[in-house]
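# Descriptive analysis of the structure
Okay, here's what each chain looks like letter by letter:
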Amino acid sequence: DIQMTQSPSSLSASVGDRVTITCRASQSISSYLNWYQQKPGKAPKLLIYAASSLQSGVPSRFSGSGSGTYFTLTISSLHPEDFATYYCQQSSSSPYTFGQGTKLEIK
Amino acid sequence: EVQLVESGGGLVQPGGSLRLSCAASGFTFSTYSMNWVRQAPGKGLEWVSYISSSSSTIYYADSVKGRFTISRDNAKNSLYLQMNSLRDEDTAVYYCASPGPSGSYPGWGRGTLVTVSS
């Protein structure tokens, strides 16, 4: 199975900050990388698919980049509603594994 | 709009069985593959099982293989997960998820909680 490793595991930031979360795959997954946001008690929400494509309705302050084994999710200017846990997921080969998550907290 | 509603969760003893259901609407269910994903309390997301649109292709996570069975009824727009020989570590919120571009999951239900405990 392909292992997905996110860093950092947690992150403290302030409203208006620019933040970047990284995700590494244990082998090349081309651009088959997706990002999700999850708030407590809620289902995950798809933000980015195919490494850099913004899901419909997701604010443009979210962006993704990368290919192969290294990927990033960037939030250009944090809004209060962005404090949540973020997961990457590879969809290159089954099982479609997730990273362990990055909890973004208010500083 | 895609709507997915899970049901069937609850408290069950170790070794017991439970059948989860997922009612789908807002899209042509019969033409899409479907997935189950779970999340243990305070933990991350774990993909559990996949079924193709015609049920011809099925995959399971190693952690549930031989104990769980995924199925679907396209006439009823419904997805199922039969869970047998349940273990403490199967305690989780179970979500059904519909596929999108590039293997992503844009559609999620609210989840149903399965608690395995004596």
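Now for a quick tour of the structure. (Residues numbered from 1 in each chain as written. Chains lettered and ligands numbered in written order. Predicted model: local features only at pLDDT ≥ 70, side-chain atom pairs only at ≥ 80, totals over all residues. Heavy atoms only, no water.)

### Some points on the overall build of chain A
- Helix and strand content of chain A: zero helices and ten strands.
- In chain A, the succession of helices and strands from N to C terminus is β-β-β-β-β-β-β-β-β-β.
- A globule of 107 residues ought to have a C-alpha radius of gyration of about 13 Å, and chain A, at 13 Å, matches this closely.
- If you line up chain A on its principal axes, its C-alpha atoms span 35 × 25 × 25 Å. (Helix = DSSP H or I, 4+ residues; strand = E, 2+ residues; numbered from the N terminus. Rg over C-alpha atoms; globule rule 2.2 N^0.38 Å.)

### Overview of the pattern of salt bridges
All names here are of chain B.
- Under the defined criterion, the tally for this structure stands at seven salt bridges over all chains.
- The partner of E46 in a salt bridge is R38, with the nearest N and O atoms 2.7 Å apart.
- The salt bridge partner of R38 is D90, with a shortest N-O separation of 2.9 Å. Taken together, the residues R38 in strand β4 (residues 34-39) and D90 in the loop between β8 (78-83) and β9 (92-98) connect sequence positions 52 residues apart. (Salt bridge = Lys/Arg side-chain N within 4 Å of Asp/Glu carboxyl O.)

### Digging into the sheet that holds strand β9 (residues 85-90) of chain A
Residues and elements named next belong to chain A.
- Read from one edge to the other, the open sheet built from six strands follows the order β2-β10-β9-β4-β5-β6, with strand pairing classed as mixed. Whereas interior strands pair on both sides, the edge strands pair on one side only; in this sheet they are β2 (10-13) and β6 (53-54).
- Where strand β4 (residues 33-38) lies against β9, six bridges are found, and the strand directions are antiparallel. Among the inter-strand pairings, Q38 is bridged to a residue of β9, identified as T85. (Pairing = 2+ DSSP bridges.)

### As for the interface of chain A and chain B
- Facing 19 residues of chain A, the contacting portion of chain B comprises 17 residues.
- Broken down residue by residue, the surface that chain A buries against chain B is led by P44, Y96 and F98 of chain A, which jointly contribute 31%.
- Inspection of the chain A/chain B interface yields zero salt bridges.
- On the surface where chain A and chain B come into contact, there are six residue pairs in polar contact (both at pLDDT 80 or more).
- Going through the elements one at a time, β4, β5 (45-49) and β9 of chain A are the ones with two or more residues in the side of chain A that touches chain B.
- When residues in the side of chain A that touches chain B are grouped by element, the largest group, three residues, is from β4 of chain A.
- Looking at the side of chain A that touches chain B residue by residue, the classes come out as eleven nonpolar, seven polar and one charged. (Contact = heavy atoms within 4.5 Å. Buried area = accessible area lost by both parts, 1.4 Å probe. Polar contact = N/O pair within 3.5 Å; in protein donor to acceptor, adjacent residues only side chain to side chain. Nonpolar A, V, L, I, M, F, W, Y, C, P; charged D, E, K, R; others polar.)

### Description of the side chain of Q39 of chain B
- Along the chain, the position of Q39 of chain B falls in strand β4.
- Polar contacts involving the side chain of Q39 of chain B include one to the main-chain carbonyl oxygen of K43 of chain B, which spans 3.0 Å.
- Apart from residues no more than four positions distant in its own chain, Q39 of chain B is found in contact with Q38 and Y87 of chain A together with G44, L45, A92, V93 and Y95 of chain B.

### Considering the state of the cysteines
Residue and element names in this part refer to chain A.
- Scanning the entire structure with this criterion turns up two disulfides over all chains.
- The disulfide partner of C23 is C88, and the S-S distance across this bridge is 2.1 Å. In this structure, the disulfide formed by C23 and C88 twists by about 70° around the S-S bond and is classed as right-handed. Taken together, the residues C23 in strand β3 (residues 19-25) and C88 in strand β9 connect sequence positions 65 residues apart. (Disulfide = S-S within 2.5 Å.)

### Some details on the sheet that holds β3 of chain A
Residue and element names in this part refer to chain A.
- An order of β1-β3-β8-β7 is seen for the four strands of this open sheet, with the pairing classed as antiparallel. Of all strands in the sheet, those bounded by a partner on one side alone are β1 (4-7) and β7 (62-67). Across the sheet, the mean angle from the axis of one strand to that of its neighbour is 20°, orientation sign disregarded.
- Two strands pair when backbone bridges link them, and β7 and strand β8 (residues 70-75) are joined in this way by six bridges, in the antiparallel orientation. (Axes fitted to C-alpha atoms, helices over the stretch in contact; angles between N-to-C directions.)

### Notes on the packing of aromatic side chains
- In total, this model carries eight aromatic pairs over all chains according to the counting rule given.
- Ring geometry for F62 of chain A versus Y86 of chain A: centroids 6.4 Å apart, planes at 40°, classification tilted. Pair noted here: F62 of chain A is in strand β7 and Y86 of chain A is in strand β9, with a separation of 24 residues, a long-range link.
- These aromatic residues form a ring-pair network of at least three members: Y36 and F98 of chain A together with Y95, Y105 and W108 of chain B.
- It is R19 of chain B that lies over the ring of Y80 of chain B; its NZ or CZ is 3.9 Å from the centre.
- For the cation-ring pair, R72 of chain B lies above F29 of chain B, with the distance from its terminal atom to the ring centre recorded as 4.2 Å. (Phe/Tyr/Trp six-rings, centres within 6.5 Å; stacked < 30°, edge-to-face > 60°. Lys NZ or Arg CZ within 6 Å of the ring centre and 35° of its normal.)

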